[in-house]
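The lines below spell out each chain.
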Amino acid sequence: MIGKLNHVGVATPSIDDSVKLYRDLLGATRIGDKFALPEQGVWVCFVDLPNSQIELIEPHGESSPLKAFLEKNPKGGQHHVCFEVDDILAARDDLRARGATILGTGEPRIGAHGTPVIFVHPKDMGGVLIELMQTPKGGH
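Residues numbered from 1 in each chain as written. Predicted model: local features only at pLDDT ≥ 70, side-chain atom pairs only at ≥ 80, totals over all residues. Heavy atoms only, no water.

Student: Please give an account of the sheet that holds strand 4 (residues 53–59) that cites residues and values.
Tutor: Across the sheet, 8 strands lie side by side as 2-3-4-1-5-8-7-6; this open sheet has mixed pairing. Edge positions in the sheet fall to strand 2 (35–37) and strand 6 (109–110), since each of these pairs with one other strand and no more. Inspection of the sheet shows strand 1 (residues 5–11) paired to strand 5 (residues 77–85) by 6 bridges, in the antiparallel sense. Looking at the pairing, Ala 11 lines up with Gly 77 of strand 5. Each of strand 1, strand 3 (42–48) and strand 4 is contacted by helix 1 (residues 15–25), which is oriented at about 155 degrees to strand 4, the strand it contacts most. (Pairing = 2+ DSSP bridges. Helix = DSSP H or I, 4+ residues; strand = E, 2+ residues; numbered from the N terminus. Contact = heavy atoms within 4.5 Å. Axes fitted to C-alpha atoms, helices over the stretch in contact; angles between N-to-C directions.)

Student: Hey, could you go over the packing of aromatic side chains for me, with residue numbers and the actual values?
Tutor: Here the structure, examined in full by the defined rule, presents 1 aromatic pair. When the ring centre of Trp 43 is taken as origin, the NZ or CZ atom of Lys 34, which lies over that ring, is 4.9 Å away. (Phe/Tyr/Trp six-rings, centres within 6.5 Å; stacked < 30°, edge-to-face > 60°. Lys NZ or Arg CZ within 6 Å of the ring centre and 35° of its normal.)

As far as function goes, none of this settles anything; it's purely spatial.
Okay, here's the thing in structure tokens:
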């Protein structure tokens, strides 16, 4: 079921400050533009790496699901790990059959790469919030 690592999600109170860290301190040279996903309550910016991406996520709006995370982790931190899957519905159904909890309604929603995603509860994933995304056509 599990495919390649697509990205690591990093919650931040400021994407602009985090971009400076990845660019100026770590030497990242391929950094995308910041864009809003209001339906998910986040701002997003991708830092391209040779083998994956870092997804910087910042709260968007007062009801952002990141607000609680940043209250516990004011400087931000690793939020989730995202793996690609060939078939998001088959992956969801398989995980449910094995006893894992899919967050929200369980219906996939469109993620930052424009493909369907689901999130699996950390209590079933060794304490890590797991995002599964349908493999993007043509890469990302």
